[in-house]
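# Coordinates in review
If you want the building blocks of each chain, they are given just below.
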Amino acid sequence: MSENLTPDWSSEFEHYKKLSREVVTNEDIINFFNQHQKAFYLDTYTSSWSKMMEAYEVQESLSSDQLNKLEEMQWQDMPESLKIFAYNFCIKNGFCFTGTSC
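Everything quoted here is computed from the prediction, not taken from an experiment.

Definitions and limits used
- Residues numbered from 1 in each chain as written.
- Predicted model: local features only at pLDDT ≥ 70, side-chain atom pairs only at ≥ 80, totals over all residues.
- Heavy atoms only, no water.
- Helix = DSSP H or I, 4+ residues; strand = E, 2+ residues; numbered from the N terminus.
- Buried < 20%, exposed > 50% of the residue type's maximum accessible area, 1.4 Å probe, protein only.
- Contact = heavy atoms within 4.5 Å.
- Areas by Shrake-Rupley, 256 points an atom, 1.4 Å probe, with all protein chains shown as cover.
- Salt bridge = Lys/Arg side-chain N within 4 Å of Asp/Glu carboxyl O.
- Core = buried A, V, L, I, M, F, W, Y, C linked by side-chain atoms within 4.5 Å.
- Phe/Tyr/Trp six-rings, centres within 6.5 Å; stacked < 30°, edge-to-face > 60°.
- pLDDT = per-residue confidence, 0-100.

Turning our eyes to something else, we now look at the overall build of the protein. A tally of helices and strands in the protein yields six helices and zero strands. Moving toward the C terminus, one meets the helices and strands of the protein in the order α-α-α-α-α-α. In the protein, which comprises 102 residues, the proportion classed as buried is 37%. Intrachain contacts of the protein at a sequence separation of at least 6 include 64% that bridge at least 24 residues. Roughly 6,600 Å² of accessible area belongs to the protein as shown, and the carbon and sulfur atoms make up 48% of that amount.

Here you go:
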């Protein structure tokens, strides 16, 4: 029955891909982030969320304590700069969202 899992998984990508086409402004990005948490975790194949956090840590020169505090925050309470970075990293440029398959 595992054959039934793949279409659901790929249809979720298609769903979020369609939604992301409506994203234009930073405000749109923040709203997408706040409303579609699952979209940022669909790409388990490339671990895009953890790779994004590593890249964000470097870009923002965060200490490991600062990074831990971010990871412990409620989704909606995360800083806007992280939401925009995460969207660009995981959705706009994410392997599974930009590639033909994952």
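The subject of this paragraph is the pattern of salt bridges. Counting across every chain of the model gives two salt bridges. Notably, a salt bridge pairs Lys-38 with Glu-12, separated by 2.6 Å at the nearest N-O pair. Placement of the pair is Lys-38 in the loop between helix H2 (26-35) and helix H3 (48-59) and Glu-12 in helix H1 (residues 5-20), with a sequence separation of 26 residues. Overall, the relative accessible area of 45% leaves Lys-38 in the partly exposed class. The exposure class assigned to Glu-12 is partly exposed, which follows from its relative accessible area of 22%. A salt bridge links Lys-17 to Glu-14; the shortest N-O distance between them is 3.5 Å. Of the two residues, Lys-17 and Glu-14 both sit in helix H1, three residues apart, roughly one turn of that helix. What makes Glu-14 partly exposed here is its relative accessible area of 37%.

Turning to the nonpolar core, a few remarks are in order. Counting residues in hydrophobic clusters, the biggest one holds 27 residues, and the most contacted among them are Phe-32, Phe-40, Trp-49, Met-52 and Ile-91. The set of elements that each furnish at least two residues to this core consists of H1, H2, H3, helix H4 (64-72) and helix H5 (80-92). In terms of residues, this core owes the most to one element, H5, which gives seven residues.

A few words now on the packing of aromatic side chains. Applying the stated rule across the entire model yields twelve aromatic pairs. Through pairs of rings, three or more aromatic residues link up here, namely Phe-32, Phe-33, Phe-40, Tyr-41, Trp-49, Trp-75 and Tyr-87.

Below, the discussion takes up the confidence of the model for the protein. Overall, the prediction assigns the protein a mean pLDDT of 86, with 84% of residues at 70 or greater. In the model of the protein, helix H6 (residues 95-98) stands out as the element of lowest mean pLDDT, 68, in contrast to H2, which has the highest, 97.

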